[in-house]
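Chain by chain, the residues:
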Amino acid sequence: MTDVWSQRAEAFRESAVHREGPDLDLLVEWCEPGHDVKVLDVATGGGHVARRLREAGCTVVTVDPAPGMEPDVVAPAENLPFAEGSFDVVTCRIAAHHFEDVRKAVAEMARVTQRLLVIEDNVFRGEHVEEAERLRDPTHVRCYSEEEWKEMVTEAGLEVEQVEYFPRRQSVDLWLARVETPPRDAERIRELLAGEIEDGLLSFRSILLKARRSQK
């Protein structure tokens, strides 16, 4: 998986749907940024969250399993090489559906944050979407519902404060091209997602969740 994602690094750095949007704006706000705030950006990918948080004055450490993404630290989300409570905030945007063990990853992110965990990912919208996602990209594991996210975060010892949903649309052609989907697979994906595509745009929905460590 790491080599595949290193090869995709530039495509994700240049992806408009990853680089900007109201979801990214709110994620940054929910991180409660400031000059004394230390943040860990997990599965940083193209580095868009890290860039925005640095612009807001935070000290940001990036981690990603793919060396080609040029993170500060190369490591998977399931095994973060940091001490307990090393960061004020831990964030992760549009990546968790690739985690092989999402519960372990959430537990790790909760372990290394002193205060906040802010996560965004595509929300579960049916098995037909999951099938299309895996066909497009075999590194896709699964998307999760709001109930599943709340359960995982609570289980990790944090209290969910806020949840917001964002409709997201992007060119289906660019979405398929970003991971070089073979033509035959692309045809099947278009069949599976016919109800999600309009005027060449594919509709997604993401969930943004903010959780805080209890002060008890």
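Quick note: structure is the one above.
All values reported here derive from a predicted model rather than from experimental measurement.

A. Region of the structure containing helix α7 (residues 146–155). Within the span of α7, buried status applies to E146, W149, M152 and V153. The buried residues of α7 occupy one face: seen down the axis, they fall within an arc of 130 degrees. Seen from the open side of α7, the exposed residues pointing more than 90 degrees away from its buried face are E147 and E155. Those residues of α7 hidden inside the fold are in contact with α5 (102–112), β5 (113–122), β6 (158–171) and β8 (201–213). Of the residues flanking the end of α7, it is G157, one or two places downstream, whose phi is positive at about 100 degrees.

B. Representation of unusual backbone geometry within the structure. Within the chain, A43 stands out as a residue other than glycine whose phi angle is a positive 55 degrees. Secondary-structure assignment places A43 in the loop between β1 (38–42) and α4 (48–55). Residue classification places A43 among the buried positions, given a relative accessible area of 14%. The phi angle at E70 is positive, at roughly 55 degrees, despite the residue not being glycine. As for its placement among the helices and strands, E70 is situated in the loop between β2 (59–64) and β3 (73–74).

C. The arrangement of the pairing of β2 in detail. The buried fraction of β2 is high, at five of six residues. With α4 bridging β1 and its parallel neighbour β2, the resulting β-α-β unit is right-handed. In the sheet, β2 pairs with β3 via two bridges, with the strands oriented parallel. Its bridge partner being in β3, D64 is matched across the sheet by V74.

Scoring rules and cut-offs
Residues numbered from 1 in each chain as written. Predicted model: local features only at pLDDT ≥ 70, side-chain atom pairs only at ≥ 80, totals over all residues. Heavy atoms only, no water. Buried < 20%, exposed > 50% of the residue type's maximum accessible area, 1.4 Å probe, protein only. Helix = DSSP H or I, 4+ residues; strand = E, 2+ residues; numbered from the N terminus. Arc of directions from axis to C-beta. Contact = heavy atoms within 4.5 Å. Right-handed = clockwise from strand over helix to strand, strands pointing away. Pairing = 2+ DSSP bridges.

Shape descriptors only; they carry no functional weight alone.
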